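Residue-level structure breakdown
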Amino acid sequence: MVTVICTFVDSPAHKMAGHPEHPQRFNLMKAWLEKPPYKGIEWIESVPAINEDILRVHSSEMLLSLRIACSMGLHEIDSAPTFVTGDSFDAAFAAVGGVLTLSRRIQNGTRKMDEATRGFAIVRPPGHHADSDESMGFCLFNNTAIAVADALTKGLKKIAIIDFDAHHGNGTESIFWDEPRVGYFSLHQERIYPGSGFLDEARHAKGRIINLPLPLKAGDTVFADVCEKILNPWLAEFHPEMLFVSAGFDGHFSDPLTSLGFSTQGYYQFAKELAALADKYCDGRLLFIMEGGYAPLALSENIQAVLCALAEGDSYPNSSGNCSYKPVDIDERIKKICSLHDLKIPSIL
Ligand SMILES: [Zn+2]
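For the structure given in this document, a descriptive report is provided here.

Cut-offs applied
Residues numbered from 1 in each chain as written. Predicted model: local features only at pLDDT ≥ 70, side-chain atom pairs only at ≥ 80, totals over all residues. Pairing = 2+ DSSP bridges. Helix = DSSP H or I, 4+ residues; strand = E, 2+ residues; numbered from the N terminus. Axes fitted to C-alpha atoms, helices over the stretch in contact; angles between N-to-C directions. Contact = placed C-beta atoms within 7 Å. Core = buried A, V, L, I, M, F, W, Y, C linked by C-beta atoms within 7 Å. Buried ≥ 20, exposed ≤ 12 C-beta atoms within 10 Å, placed from the backbone. Right-handed = clockwise from strand over helix to strand, strands pointing away. Parallel < 35°, antiparallel > 145°, perpendicular 65-115°, else oblique. Left-handed = near helix turned anticlockwise from the far one by under 90°. Nonpolar A, V, L, I, M, F, W, Y, C, P; charged D, E, K, R; others polar. Arc of directions from axis to C-beta.

Our next topic: the sheet that holds strand β5 (residues 118-123). Think of a sheet as strands paired side by side through backbone hydrogen bonds, with each pair either parallel or antiparallel. If you trace the 8 strands from one edge of the open sheet to the other, you get β2-β1-β5-β10-β9-β6-β7-β8, paired in parallel fashion. Every interior strand has two partners, whereas the edge strands, β2 (41-43) and β8 (209-214), have only one. Adjacent strand axes in the sheet meet at a mean angle of 15°, parallel and antiparallel pairs treated alike. As paired strands, strand β6 (residues 159-163) and strand β9 (residues 242-247) are joined by 5 bridges and run parallel to one another. Each residue of the ladder has a partner; that of Ile162, found in β9, is Val245. Of the strands in this sheet, β6, β7 (182-189) and β8 are in contact with helix α7 (residues 221-238), which crosses β7 at around 165°. Each of β1 (4-9), β2, β5, β9 and β10 (286-290) is contacted by helix α9 (residues 296-311), which is oriented at about 165° to β5, the strand it contacts most.

Right under this line is the structure:
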């Protein structure tokens with residue numbers, strides 16, 4: 001039986017009335033703590049991160065300025081807007097701790113020994129916009145980047161991050177801009193916040209930093225194309241020992257902030273394919289980390305669909321229905337990526 005280890009950090013005191021990144025995003029998932037939706041899901045109690053963890057990625061000046069900002073109580077710290085409260089500093093440490101707790105377990109796990117190699121850190125505040133020196137885009141610390149940096153110090157030689165949040169993970173990309181041991185792939189909606197993630201923006205990092213900007217309403221067919229034509233050939237060349245997934249669900253067609261026209265079924269299928277890729281290239285080591293997603297009903301259903309895929313469960317809810325958008329052809333963009341990164345172009349193109 002597959003075991004999927006999970007943490008739940010909903011940070012109820014980190015909130016600002018009317019802001020989309022609100023603890024209510026997690027309300028529907030609370031019932032899972034008593035009754036996990038699938039066999040094999042195991043909740044792990046996490047411990048907050050410590051300064052040393054945060055400083056693997058962020059500057060001491062940033063840590064101090066965030067501490068001071070939080071001590072001033074509820075206010076906005078940028079125009080995204082990103083907010084902090086008197087409780088946000090602790091919330092940020094708790095979110096990082098949730099990811100680290102799972103990451104440290106998974107990086108030591110092997111399938112042969114029947115140890116857990118799959119996990120989902122359901123945490124907030126999110127992280128992928130925060131760079132070394134600045135919190136931004138609803139993100140305080142970069143949860144994923146900290147866990148990746150931690151795994152490198154603990155002996156993993158190469159790691160790949162796959163980011164499917166609808167926004168480009170500018171913070172994660174910049175933190176690992178010159179780190180040859182970390183690969184980064186992002187798919188995201190083009191021409192929206194934070195304004196980065198262009199197809200050819202990381203020419204120095206051929207075969208390592210890959211960006212796929214997508215048109216609005218791109219649709220679920222993107223996922224199969226990405227797995228077959230980009231991720232499979234890329235991971236075969238890059239040889240990561242663990243996959244970290246920055247899992248944002250704001251690309252869902254019902255999301256109020258953005259829409260790539262993805263559906264719950266699409267996320268389910270993508271998670272299954274990512275698990276298969278992790279099995280093929282990383283001895284199964286796969287950690288999903290929560291990023292965005294601002295339609296609470298769709299968010300809980302999308303996360304449940306991912307858990308179903310990871311736990312090899314039977315069925316998942318989909319009351320938000322299917323997306324009626326016609327899929328958009330992205331073949332030209334994929335061809336360009338294959339050429340920029342020397343990925344073997346499949347004969348089908
Ligand atoms: Zn997002």
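With that settled, consider the nonpolar core. For soluble globular proteins, the rule of thumb is that nonpolar side chains tend to be buried together. With 107 residues, the main nonpolar core has Val96, Ala121, Leu243, Phe244, Val245, Leu274 and Val306 as its most contacted residues. With near-sequence residues (within four places) excluded, Val306 lies in contact with Phe120, Ala247, Tyr267, Tyr268, Ala271 and Phe288.

Regular strands place side chains that alternate from one sheet face to the opposite one. Of all 8 residues in β7, 8 are buried, a share of seventy percent or more. Residue alternation in β7 divides its side chains into two sets, Val182, Tyr184, Ser186 and His188 and Gly183, Phe185, Leu187 and Gln189, and both sets are buried. Pairing analysis gives 5 bridges linking β6 to β7, with the strands arranged parallel. For Ile159, the partnering residue across the bridge sits in β7 and is Val182. The parallel pair β6 and β7, bridged by helix α6 (residues 170-175), forms a crossover whose chirality is right-handed. In terms of strand pairing, β7 meets β8 through 6 bridges, oriented parallel. Looking across to β8, one finds that Gln189 is bridged to Leu214.

With that out of the way, let us pick up the environment of Leu287. Note that Leu287 resides in strand β10. Sequence separation between Leu287 and Ser103 is 184 residues, and the spatial gap between their C-alpha atoms is 6.9 Å.

Where α7 meets helix α10 (residues 331-340), the closest approach of the two axes is 10 Å, and the angle between their N-to-C directions is 20°. It follows from the interaxial angle that α7 and α10 lie roughly parallel. Seen from above, α7 lies across α10 with right-handed handedness. Of the residues in α10, those touching α7 at Asp225, Lys229 and Ile230 are Ile334, Ile337 and Cys338. Classifying every residue of the contact of α7 with α10 by side-chain character gives 4 nonpolar, no polar and 2 charged.

In this section: α10. Among the residues of α10, those classed as buried are Arg333, Ile334 and Ile337. Viewed along the axis of α10, the buried residues span an arc of 100°, placing them on a single side of the element. Along α10, the residues that are exposed and aim more than 90 degrees away from the buried face are Asp331, Glu332 and Ser339. On its buried side, α10 packs onto β8 and α7. Looking one or two residues past α10, Asp342 carries a phi angle of roughly 55°, positive in sign.

In this structure, Pro81 follows Ala80 across a cis peptide bond, with omega equal to 0°. The topology assignment puts Pro81 in the loop between β3 (75-76) and β4 (83-84). Omega for the bond connecting Arg124 with Pro125 falls within 30 degrees of zero, at 0°, which places this linkage in the cis form. Its location among the elements puts Pro125 in the loop between β5 and α5 (143-153). For Asp342, which is not glycine, the phi dihedral falls at a positive 55°. For Asp342, the location among the structural elements is in the segment after α10.

Turning our eyes to something else, we now look at the packing of helix α8 (residues 264-281) against α9. Two packed helices can be described by the angle between their axes and the distance between those axes. For the pair α8 and α9, interaxial distance at closest approach is 8 Å and the crossing angle is 30°. Judged by the twist between their axes, the crossing of α8 over α9 is right-handed. Between α8 and α9, the residues in contact are Thr264, Tyr267, Tyr268, Ala271, Lys272 and Ala275 and Glu301, Asn302, Ala305, Val306, Cys308, Ala309 and Leu310, respectively. Looking at the contact of α8 with α9 residue by residue, the class counts come to 9 nonpolar, 2 polar and 2 charged.

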